[in-house]
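The residues making up each chain are set out below.
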Amino acid sequence: MLIRRLYEILGTLIIGDGFAFLFAPRRHMLIWVEALHLPAWQRLVGWFAEHETVGRATGVVEIALGAWLVARAYRDVE
């Protein structure tokens, strides 16, 4: 049961992040620039902030991945 709960929690978080990425990709990524003070991280986050179409596509992928995890958590539960 613990694994199912973890799948549900993780899936829900990923879905929420995906929606933020889908609807406000630039602003969503700019929040994360200061999360880590690593140049590679800041370049990656900056790249996503500048390429909003890629960010939106990533959001769709995140929503699908989160939905898959949640569905996996609910498999065989009645």
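Computed from a predicted model, the values in this text were never measured in an experiment.

Scoring rules and cut-offs
Residues numbered from 1 in each chain as written. Predicted model: local features only at pLDDT ≥ 70, side-chain atom pairs only at ≥ 80, totals over all residues. Heavy atoms only, no water. Helix = DSSP H or I, 4+ residues; strand = E, 2+ residues; numbered from the N terminus. Buried < 20%, exposed > 50% of the residue type's maximum accessible area, 1.4 Å probe, protein only. Contact = heavy atoms within 4.5 Å. Patch = residues over 30% accessible without salt bridge, like charges linked within 9 Å, V, L, I, M, F, W, Y side chains within 5 Å. Areas by Shrake-Rupley, 256 points an atom, 1.4 Å probe, with all protein chains shown as cover. Salt bridge = Lys/Arg side-chain N within 4 Å of Asp/Glu carboxyl O. Phe/Tyr/Trp six-rings, centres within 6.5 Å; stacked < 30°, edge-to-face > 60°. Core = buried A, V, L, I, M, F, W, Y, C linked by side-chain atoms within 4.5 Å. Arc of directions from axis to C-beta. Axes fitted to C-alpha atoms, helices over the stretch in contact; angles between N-to-C directions. Parallel < 35°, antiparallel > 145°, perpendicular 65-115°, else oblique. Left-handed = near helix turned anticlockwise from the far one by under 90°. Nonpolar A, V, L, I, M, F, W, Y, C, P; charged D, E, K, R; others polar. Expected span 1.5 Å × (residues − 1).

1. Overview of the side chain of His28
Right, so step 1: One can find His28 in helix 2 (residues 25-32).
Right, so step 2: Overall, His28 belongs to the buried group, its relative accessible area being 11%.
Right, so step 3: Sequence-distant contacts of His28, defined by excluding residues within four places in its chain, comprise Asp17, Ala20 and Phe21.

2. A few points about a nonpolar patch on the surface
Right, so step 1: Side chains of Leu2, Ile3 and Leu6 sit close together on the surface and give an oily, nonpolar patch of about 310 Å² of accessible area.
Right, so step 2: Residue position: Leu6 is located in helix 1 (residues 2-23).
Right, so step 3: Assessed through its relative accessible area of 46%, Leu6 is described here as partly exposed.

3. Comments concerning the packing of aromatic side chains
The way to describe two aromatic rings as a pair is by their centre distance and the angle between their planes.
Right, so step 1: Applying the stated criterion across every chain yields a total of three aromatic pairs.
Right, so step 2: Look at Trp47 and Phe48: their rings are 5.3 Å apart centre to centre, the planes differ by 85°, and that puts the pair in the edge-to-face class.
Right, so step 3: Members of the aromatic cluster, joined through ring pairs, are Phe21, Trp47 and Phe48.

4. Brief notes about the nonpolar core
Right, so step 1: Counting residues in hydrophobic clusters, the biggest one holds six residues: Phe21, Met29, Val33, Val45, Phe48 and Ala49.
Right, so step 2: When residues of this core are assigned to their parent elements, the largest contribution, three residues, is made by helix 3 (residues 39-50).
Right, so step 3: Discounting chain neighbours no more than four positions away, the residues touching Phe21 are His28, Met29, Phe48, Gly55, Arg56, Thr58, Gly59 and Glu62.

5. What about helix 2?
Right, so step 1: Listing the buried residues of helix 2 in full gives Pro25, His28 and Met29. Relative to the axis of helix 2, the buried residues are bounded by an arc of 90° and lie together on one face. The outward face of helix 2, more than 90 degrees from its buried face, is lined by the exposed residues Arg27 and Ile31.
Right, so step 2: For helix 2, the secondary structure elements touched by its buried residues are helix 1, helix 3 and helix 4 (52-74).

6. Re the packing of helix 1 against helix 4
Right, so step 1: For the pair helix 1 and helix 4, the least separation of the axes is 7 Å and the interaxial angle reads 160°. Classified by the angle their axes make, helix 1 and helix 4 are roughly antiparallel. Remark: the crossing between helix 1 and helix 4 carries left-handed chirality.
Right, so step 2: A breakdown of the residues in the contact of helix 1 with helix 4 according to their chemical character gives 16 nonpolar, seven polar and six charged.

7. Some thoughts on helix 3
Given 3.6 residues to a turn, an α-helix orients residues that are three or four positions apart in the same direction.
Right, so step 1: The end-to-end C-alpha distance of helix 3 is 16 Å, a good match for the 16 Å that twelve residues give at a rise of 1.5 Å each.
Right, so step 2: Structurally, helix 3 contributes buried residues whose contacts are with helix 1, helix 2 and helix 4.

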